[in-house]
Amino acid sequence: MPSALFVLMLLAALCSLGCAMSRDEKLKLRNQVVEMFDHAYQNYMDHAYPADELMPLTCRGRVRGLEPSRGDVDDALGKFSLTLIDTLDTLVLLNKTAEFEAAVRRVLSDVRLDNDIVVSVFETNIRVLGGLLGGHSMAVMLKEEGQHMRWYQDELLHMAKDLGLRLLPAFNTSSGLPYPRVNLKYGVRGPESRTGTETDTCTACAGTIILEFAALSRFTGDPVFEAHARRALDFLWEKRQRNSNLVGTTINIHSGEWVRRDSGVGAGIDSYYEYLLKAYVLLGDEQFLQRFNIHYASIMKYISQPPLLLDVHIHKPLLPARTWMDSLLAFFPGLQVLKGDIRPAIETHEMLYQVTKKHNFLPEAFTTDFRVHWAQHPLRPEFAESTYFLYKATGDPYYLEAGRTIMDNLNRFARVPCGFAAMKDVRTGSHEDRMDSFFLAEMFKYLFLLFADPEDLRFDVEDYIFTTEAHLLPLSLSTTPHVSSVPPNQTIPQVEQEELDDSNFDWTCPNTRLLFPDPAFPRNLREPIRSAVDRSCPRPAPYREPGMGAPPLRAQDFMANNPEHLELLRRMGVSLIHLKDGRVQLVQHATQAVSPIAAEDGVRFMQEMMELSSQQQKEQLPPRAIQIVSHPFFGRVVLTAGPAQFGTDLSKSATGVRGFVTVAEPYTGCGEITNGEEVQGHIALLQRGQCMFAEKARHIQKAGAIGGIVVDDNEGSSSDTAPLFQMAGDGRSTDDIALPLLFLFHKEGNILLEALKEYRQVEVLLGDKARDRGADVREAEEDCQTEATSPTASESEATTTTSGKDGDASPTGGEDVGPAEDVGPAEADAPKADGGEEEEQRVDGAGRSADRLLADWRDDLEAFRQMEKDEL
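We now turn to the structure provided with this report. Everything quoted here is computed from the prediction, not taken from an experiment.

**Some remarks on the sheet that holds strand β6 (residues 250-252)**
With antiparallel pairing, three strands are arranged side by side in an open sheet as β5-β6-β7. Two strands lie at the open edges of the sheet, namely β5 (200-202) and β7 (258-260), each paired on one side alone. On average, each strand axis in the sheet is inclined to that of its neighbour by 35°, with strand direction left out of account.

See below:
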């Protein structure tokens, strides 16, 4: 073998283990992180401040009480410029000291903490109190350097203490566990407080107080805050299940009874475990480490099923509580790094990374076979956090590439002209008009640190601990004297001293060079996990003796309109019956099978079908996307649509179907299309009603259409408020229908109709998800340098998660088949009983009329035109 060839092969082998990223490449990525932060932060300051958060699709601030309520999510908003406070220490970490100084002055002059408003104790603690303390830490550090903040006299700390005192009334319970909410002005349980009647709180809500409250006590010298936080942790420890040493998700704050007994490391519990370990790091109290190690041993025994982390019941920890995972558990590999348990951290992180690559982002929840369970993604930073800590522990450049993937996906799919928008559905790419404060507080910290070298930072991050909101608290607080203070008439429960076998626990992080003597070790852990996710865990095929013919039909492959499949069913003794409501019923008679083996195949098929139907009923139906790609939208408006059980399967099309929209005549599509010349080669727009969906599809297909969009005729209906359904066939074969047909509710359909009225030629892309918006914008800018571009504001009305109406839900994403009792009816657009309108409840999105919605959309469109003209 020539020596040069051998050298090339050796280099390739070494690079397969992970090639180091060049300093220039890291510098480029670090600068890109800063640019992304600037884009988000400056848009908040320009369009939202002093509001709590930015609404990036409509370029305005989210003010609680002025926008439609989002439920508990809004409890984080307190009219205290949340995003600015949450971002203070991020500015210093990214070397934006001038901006930090200006931001501190704004907080001191503009922010009030005595608002008559009910807020979440948990969110206000980690975001606002933590933000003020992190800002104070940075201000003190800069002042000591002598170049910045020389005027600073602990003003942020004074605000933090004021806020801490406003949170203290929530702890006035017999257990010491805080109420979940508090009125910043009136406390709890008062006639004006409008809170204090709650009985339950989550474990994380009560157990994620100690870092901020202890830091506040040690900064100010007032021990009352730390005492209350310790008392809450003591009570939670007392209430753990003594056999499993696990805690539940929700607890009664008065009785201490577990309300929800499922236990995991994700939502509802996550930061309780995090704060036990970090309290030991910050405060030096070994009791916290002892408790954490006992919990951790149980987590690894019962919950950890590498690479999965599955909830269990605290009283029956060998019994799984659910078959899906939520995205908040993505922090756990980072916590395992802090613990020193690197191997399971690598395995779980790799699973999360592969799920991210499948869906561009981590869905809010995903199943054990890595499919979407909850499709939202509010730009959570936990995966970036674990990526940073694993790179810190291993030095493996693989994690730099993972960080690059996070950045690329944010820029391709979440970036909009006014910031970064949360994903309403990772499958379609539709947006939600929100940019939570934690995006600026956490995401850019971890990404910047991932690509930064020590000389790029103005301080040593090793001197600080990250809170759960990534705020920086100095480790020097551990040397500050701690004075116990018990509130009057209250005693802190005595916790028995338990023996702990710590032979399996190192009290310091291990030396990763000794842990990984073989540089291929991390890669060898990742490879089988990557393969498992790629395969989505298919079941092994059942054994068949030689000569027994082809393998049986599998339930997930069955298509009710496939003649070969129907013949296979007949041979297995399975009969298929089309019901009037559009469902398909399957019945098996073993005696009608052609052989005993075929009968066994039929039994197996029916069992699979029942399991598949049951699973699909629990899952959200995969929606489809209608993306407006013509001028001035350029792909930034995505309407979430319902699919049909017939015609082109857009999920199997890499490019989708693209074409101009034409309104069919007649609009119902229930007769021969009279404007066939206009419809030919276009996507036909139709109205629901008067005939079956399949009949509409056949008429426009005959006229030469390449696709169809059916708009709901129930005025005011919206995917915001109605559950999803899919369009069913007409009870007979639909093999003749070869074009895609999608369904829009009235509100989303009117957005498309208004675009047609205003621009006449509107081009859309029908697909299973939105394509990269950047490509459309770049193409448009080449052709149209001087024109305004997209009305992104309209996306707040258009990008909605598809759902349907009561009684219309079909649990399948393709053919609606299965035992009749397990499968709900698909919507078939049948003629209405009275010859007119089908009786359905009128839905008015967020209480506003369609006219008002469209008027708002026009205003937003005009505002964006002006904005982009100003930019040009």
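**Topic: helix α23 (residues 746-759)**
Taking 1.5 Å per residue as the helical rise, α23 with its 14 residues ought to reach 20 Å, and the 20 Å between its terminal C-alpha atoms agrees with that figure. His746, Lys747, Glu748, Gly749, Asn750, Ile751, Leu752, Glu754, Ala755, Leu756 and Tyr759 are the residues of α23 that are buried. Among the residues trailing α23, arginine 760 stands out with phi positive, at a value near 65°.

**Digging into the packing of aromatic side chains**
Going through the model one piece at a time under the given rule, you end up with 27 aromatic pairs. Consider the rings of phenylalanine 633 and tyrosine 759, whose centres lie 5.6 Å apart with planes at 85°: the pair is edge-to-face. Placement of phenylalanine 633 in the loop between β23 (624-628) and β24 (637-641) and of tyrosine 759 in helix α23 is noted, with a sequence separation of 126 residues between them. For the pair shown, phenylalanine 633 and tyrosine 759 are each scored as buried. Taking NZ or CZ as reference, arginine 105 lies 4.1 Å from the ring centre of tryptophan 151, over its face. Over the ring of tryptophan 237 we find arginine 240, and its NZ or CZ is 3.8 Å from the ring centre.

**A short note on empty space enclosed by the protein**
Inspection of every chain in the model, using the stated rule, returns four cavities of 30 Å³ or more. Taken as a whole, the largest cavity holds about 160 Å³ of empty space. Along its surface, the largest cavity is lined by 16 residues, and Leu362, His377, Arg380, Phe383 and Ile406 are the ones closest to its centre. Elements with a minimum of two residues in the lining of the largest cavity: α14 (382-394) and α15 (398-414). Partitioned by chemical class, the residues of the lining of the largest cavity number nine nonpolar, five polar and two charged.

**Things to note about the nonpolar core**
Ranked by internal contacts, the top residues of the largest apolar core, which has 172 residues, are Phe100, Ile210, Tyr273, Leu410 and Phe420. The leading source of residues in this core is helix α5 (residues 121-145), at eleven residues. In terms of nonpolar packing, the next biggest core, distinct from the first, is built from 23 residues, Val657, Ile683, Leu742 and Leu744 among them.

**Some words on the sheet that holds strand β27 (residues 707-711)**
With mixed pairing, the seven strands of this open sheet are ordered in space as β24-β23-β29-β25-β26-β27-β28. Every interior strand has two partners, whereas the edge strands, β24 and β28 (741-744), have only one. On average, adjacent strands in this sheet sit at an angle of 30° to one another, irrespective of strand direction. As defined by bridge partners, β23 adjoins β24 across five bridges and the pair is classed as antiparallel. What sits directly across from isoleucine 628, in β24, is valine 637. The strands touched by α23 are β23, β24, β25 (657-663), β26 (683-687), β27, β28 and β29 (763-767); relative to β28, the strand with the most contacts, the crossing angle is about 105°.

**What to know about the pairing of β27**
Strand residues, when the strand is regular, have side chains that alternate between the two faces of the sheet. Among the five residues that make up β27, five are buried, leaving the element largely enclosed by the rest of the structure. Burial along β27 is two-sided: the face carrying Gly707, Ile709 and Val711 and the face carrying Gly708 and Val710 are both buried. The pairing of β26 with β27 spans five bridges and is parallel. Bridge pairing in β27 places leucine 686 opposite valine 710. Note on the crossover from β26 through helix α22 (residues 693-702) to β27: the handedness is right-handed. As paired elements, β27 and β28 share four bridges and run parallel to each other. Counted as the bridge partner of valine 710 is phenylalanine 743 from β28.

**With respect to the state of the cysteines**
Enumeration over the complete set of coordinates arrives at three disulfides. Disulfide pairing places cysteine 59 opposite cysteine 418 at an S-S distance of 1.8 Å. As the torsion about the S-S bond is roughly 95°, the cysteine 59-cysteine 418 disulfide counts as right-handed. On the criterion of sequence distance, the pair formed by cysteine 59 in the loop between β1 (53-55) and β2 (60-62) and cysteine 418 in the loop between β15 (415-416) and β16 (419-420) is long-range, its members being 359 residues apart. Of the two residues, cysteine 59 and cysteine 418, both sit in the buried class. There is a disulfide in this structure between cysteine 202 and cysteine 205, and the S-S distance comes to 2.1 Å. For the disulfide bridge between cysteine 202 and cysteine 205, the dihedral angle about the S-S bond is near 90°, and by the sign convention the bridge is right-handed. When sorted by exposure, cysteine 202 lands in the same class as cysteine 205, which is buried.

**Digging into the pattern of salt bridges**
Two side chains carrying opposite charge are able to pair once their charged atoms lie near each other. Taken as a whole, this structure holds 47 salt bridges when the rule is applied. Between arginine 105 and glutamate 101 there is a salt bridge whose closest N-O contact spans 3.9 Å. Here the residue arginine 105 and the residue glutamate 101 both occupy positions in helix α4 (residues 97-110), the gap between them amounting to four residues, near one helical turn. For glutamate 101, a relative accessible area of 17% puts it in the buried group. One salt bridge connects arginine 127 with glutamate 123, and the closest N-O pair in it is separated by 2.9 Å. Linking arginine 127 with glutamate 123, this pair stays in helix α5, spanning four residues, or about one helical turn.

So, how was this worked out
- Residues numbered from 1 in each chain as written.
- Predicted model: local features only at pLDDT ≥ 70, side-chain atom pairs only at ≥ 80, totals over all residues.
- Heavy atoms only, no water.
- Pairing = 2+ DSSP bridges.
- Helix = DSSP H or I, 4+ residues; strand = E, 2+ residues; numbered from the N terminus.
- Axes fitted to C-alpha atoms, helices over the stretch in contact; angles between N-to-C directions.
- Expected span 1.5 Å × (residues − 1).
- Buried < 20%, exposed > 50% of the residue type's maximum accessible area, 1.4 Å probe, protein only.
- Phe/Tyr/Trp six-rings, centres within 6.5 Å; stacked < 30°, edge-to-face > 60°.
- Lys NZ or Arg CZ within 6 Å of the ring centre and 35° of its normal.
- 1 Å grid on protein atoms, 1.4 Å probe; cavity = no way out; pocket = protein on both sides within 12 Å on 5 of 7 lines; lining within 4 Å.
- Points joined across faces, edges and corners; volume = space filled by probe spheres on them.
- Nonpolar A, V, L, I, M, F, W, Y, C, P; charged D, E, K, R; others polar.
- Core = buried A, V, L, I, M, F, W, Y, C linked by side-chain atoms within 4.5 Å.
- Contact = heavy atoms within 4.5 Å.
- Right-handed = clockwise from strand over helix to strand, strands pointing away.
- Disulfide = S-S within 2.5 Å.
- Salt bridge = Lys/Arg side-chain N within 4 Å of Asp/Glu carboxyl O.

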